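Chain by chain, the residues run as shown.
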Amino acid sequence: MKKEENMNKSFTLYGCSDGIEEQAVVTEITIESLVELYKKKEFSTLVESGQQFVKGDPSSAIAWNLLALGHRYSGNVPAALKIYEDLLKLNPSNFLLSTNLGNLYMAIGQIAKAIKCFETAREKQPNHTPNLEALAIAYQDSGKNSEAIVNFKKVLEIDDTKESSRYHLARMLVRLKSYDEAIKHFEKTDFGLSKSHQLECFYYLGDKENFYKNYKSLIKSNKINPLMSSIGSHASVRFGVSNKENPFCSNPLSHIKEYHLDKQCGLDESLIDSILDFYKSGGTDGKSQPLLSNGKQSSGNLFLQQREDIQTLKAIIEKKISEYLSHFKKSNEGFIKKWPKKYTLYGWLVAMQSGGQLGAHIHKEGWLSGSLYFKMPEKRTKDEGNIVFSLDGANYPKDGKKFPKESKRVNKGDLVMFPSSLFHHTIPFESQEERVSFAFDVIPKK
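Bear in mind that the values here come from a model prediction, so they are computed numbers and not experimental data.

Thresholds, definitions, all that
Residues numbered from 1 in each chain as written. Predicted model: local features only at pLDDT ≥ 70, side-chain atom pairs only at ≥ 80, totals over all residues. Heavy atoms only, no water. Phe/Tyr/Trp six-rings, centres within 6.5 Å; stacked < 30°, edge-to-face > 60°. Helix = DSSP H or I, 4+ residues; strand = E, 2+ residues; numbered from the N terminus. Buried < 20%, exposed > 50% of the residue type's maximum accessible area, 1.4 Å probe, protein only. Lys NZ or Arg CZ within 6 Å of the ring centre and 35° of its normal. Pairing = 2+ DSSP bridges. Salt bridge = Lys/Arg side-chain N within 4 Å of Asp/Glu carboxyl O. Axes fitted to C-alpha atoms, helices over the stretch in contact; angles between N-to-C directions. Contact = heavy atoms within 4.5 Å. Core = buried A, V, L, I, M, F, W, Y, C linked by side-chain atoms within 4.5 Å. Polar contact = N/O pair within 3.5 Å; in protein donor to acceptor, adjacent residues only side chain to side chain. Left-handed = near helix turned anticlockwise from the far one by under 90°. Nonpolar A, V, L, I, M, F, W, Y, C, P; charged D, E, K, R; others polar. Parallel < 35°, antiparallel > 145°, perpendicular 65-115°, else oblique.

A. Fine view of the packing of aromatic side chains. Counted under the stated rule, the structure contains 24 aromatic pairs. Between Phe248 and Trp367, the aromatic rings sit 5.0 Å apart at their centres with planes inclined by 80°, giving edge-to-face as the arrangement. Taken together, the residues Phe248 in the loop between helix 14 (226-238) and strand 1 (257-260) and Trp367 in the loop between strand 3 (343-358) and strand 4 (368-375) connect sequence positions 119 residues apart. Trp367 shares its class with Phe248; the two are buried. One Lys or Arg, Lys208, reaches over the ring of Phe239 and ends 4.5 Å from the middle of that ring.

B. Examining the pairing of strand 5 (residues 387-390) more closely. Alternating residues of strand 5 divide into Ile387 and Phe389 and Val388 and Ser390, and every residue in both groups is buried. Bridge analysis of strand 5 against strand 6 (residues 405-408) gives four bridges, and the strand direction is antiparallel. The residue bridging Ile387 from the neighbouring strand is Lys408, located in strand 6. Sheet topology places strand 5 next to strand 8 (residues 423-426); four bridges connect them, and they run antiparallel. Counted as the bridge partner of Ser390 is Phe423 from strand 8.

C. Just the pattern of salt bridges, in detail. Summed over all chains, the structure comprises twelve salt bridges. For Lys280, the salt bridge identified is with Glu434, shortest N-O distance 3.4 Å. In this pair, Lys280 is assigned in helix 15 (residues 269-280) and Glu434 in the loop between strand 8 and strand 9 (435-444), connecting sequence segments 154 residues apart. A salt bridge links Lys375 to Glu434; its shortest N-O distance comes to 3.5 Å. With a gap of 59 residues between them, Lys375 in strand 4 and Glu434 in the loop between strand 8 and strand 9 connect regions that are remote in the sequence. Classification of Lys375 by relative accessible area gives partly exposed; the value is 28%.

D. Summary view of the sheet that holds strand 6. The antiparallel open sheet is built from three strands, whose spatial order is 6-5-8. Strands with a single pairing partner mark the edges of an open sheet, and in this sheet they are strand 6 and strand 8. Each strand axis lies, on average, 20° off the axis of its neighbour in the sheet, ignoring direction.

E. Representation of the sheet that holds strand 2 (residues 292-297) within the structure. Read across the sheet, six strands follow the order 1-7-4-9-3-2 without closing on themselves; strand pairing throughout is antiparallel. Every interior strand has two partners, whereas the edge strands, strand 1 and strand 2, have only one. Pairs of neighbouring strands in the sheet enclose a mean axial angle of 25°, with direction left out of account. One ladder, built from four bridges, connects strand 1 with strand 7 (residues 414-419); its direction is antiparallel. Residue Tyr259 lies in a different strand from strand 7, and its bridge partner there is Leu415. With respect to the sheet, helix 16 (residues 308-327) is in contact with strand 1, strand 3, strand 4, strand 7 and strand 9, its orientation differing from that of strand 7 by roughly 55°.

F. Up close: the nonpolar core. Membership of the largest hydrophobic core comes to 72 residues, with the highest contact counts inside it found for Leu34 and Phe211. Tallying contributions element by element places helix 5 (residues 77-90) first for this core, with seven residues. Once residues lying within four places of it in the same chain are set aside, the contact partners of Leu34 are Leu46, Ser49, Gly50, Phe53, Ala63 and Leu66. Counting 37 residues, the second-largest nonpolar core is a separate cluster that includes Ile224, Ile275, Phe278 and Val442.

G. Summary view of the environment of Asn210. For Asn210, the location among the structural elements is in helix 13 (residues 208-221). For Asn210, a relative accessible area of 26% translates into the label partly exposed. As for Asn210 and Leu199, which are separated by eleven residues in sequence, their C-alpha atoms are 8.1 Å apart. A distance of 2.8 Å separates polar atoms of two side chains, one belonging to Asn210 and the other to Asp207.

H. Seen up close, the packing of helix 9 (residues 145-158) against helix 10 (residues 163-175). At their nearest, the axes of helix 9 and helix 10 sit 9 Å apart, and the two run at 145° to each other. Considering only the axes of helix 9 and helix 10, their crossing is left-handed. In this structure, helix 9 contributes Asn145, Ala148, Ile149, Phe152, Lys153, Val155 and Leu156 to the contact, and helix 10 contributes Ser165, Arg166, His168, Leu169, Met172 and Arg175. For the contact of helix 9 with helix 10, the class distribution of residues is seven nonpolar, three polar and three charged.

I. Inspection of the packing of helix 13 against helix 14 at higher detail. Between helix 13 and helix 14, the shortest axis-to-axis distance is 11 Å and the interhelical angle comes to 130°. As judged from the angle between their axes, helix 13 and helix 14 are oblique. The element helix 13 and its partner helix 14 pack so that their crossing is left-handed. Between helix 13 and helix 14, the contacting residues are Phe211, Tyr212, Tyr215, Leu218 and Ile219 on the first element and Met228, Ile231, Gly232 and Ala235 on the second. Of the residues contributing to the contact of helix 13 with helix 14, the split by class is eight nonpolar, one polar and no charged.

J. Molecular detail of the pairing of strand 7. With six of six residues buried, strand 7 lies mostly within the body of the structure. Pairing of strand 4 with strand 7 involves five bridges; the strand directions are antiparallel. Pairing of Ser369 across the sheet is with Phe418, part of strand 7.

K. A look at the side chain of Ser298. Within the secondary structure, Ser298 is located in the loop between strand 2 and helix 16. Polar side-chain contacts of Ser298 include one of 2.9 Å to the backbone nitrogen of Leu349. Every residue in contact with Ser298, bar those within four places of it in the chain, is listed here: Tyr279, Thr284, Asp285, Lys287, Trp348 and Leu349.

L. Structural view of unusual backbone geometry. Phi is positive for Asn294, close to 50°, though the residue is something other than glycine. Relative to the helices and strands, Asn294 resides in strand 2. Of the residues examined, Asn294 reaches a relative accessible area of 46% and is grouped as partly exposed.

Following this line, the structure appears as structure tokens:
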């Protein structure tokens, strides 16, 4: 019991999602130095220092927590998982451990385990807003929308300055077509893509005056992103105006690039089979995807899995991203000229059965997106199973206008990359074979 009491006492020194942001007075300077390394994002050094610290004081829960965070953010997710899972076995009622392990489970796509952790933490501290928000996001990803909304609202009841929860709540209101209410929430925050989502609400409502007023304001602010760009491209066709001022990508259809990957590129049957076996064995949970019919989408970022097959695939894709940039190096489009200095590569799998299709969408949080085909069913008609790119999607009002589109015939081993602002969807197929693609986004680091 002495060890568990020590752990509980140590964790009361901190009060935020990672247990780091609000530091109380501590006497151990070495703990303070670990905290500083975390704050400075010097995660590799944090791991080295943390390992040295716990050798001398293995009962310090604070140090173990910091070491786990260092492992997580330096890319060694399995090591972080082991620390949290081992500590929770010793101290199963610890609030902070449950929250941090839940966050880690979310990152690697194990939503069911994450929800269990967050719900356990909620029992201990029902008004802890970071945990409530994390639980709401987990509910949202698992398709439990009503539970998500309840928890986002609960966060705002406790702390109405919590901009991230207001942002997520407003996005859910957009899904429910409660545009006027969503606009009010987006107006109160600058979190994430709030002003671009607000722009989208004006667009849905047909409020042309406020739409262009806000669109021009976004352009002047230099906050370019795929969402505002896709809306601007759609509006250019709908309202018959020029799209040249679009700051992210004014001509996304001309920035689609296709490749074929084979053994020479490092992609062979054994690599594909290994990744698919991991997925089918339950390596990640499924994610709620309303636009997907007769199919499943993996949850979390597969690139966080420290498996040789996943990391080999990551290296192959990163090389192709470099080739894409080299190909378009003379482009004047904003997403090329303002290519992020640092980015995260986020990947997931989409598997469809006969009749499967994915509705038109963009990747709002991305910059450059791609789709690599692991399995493609035999085509019985010319276009079935194809990926289609267009300036139209998201049920935006078209006012009877025709929008340009381009269908791409894709086969196993093909890779297609494109600006994240470009709408894309798939054509249903009749074959009993699976259609499996590995999708990914380049996401700028904040």
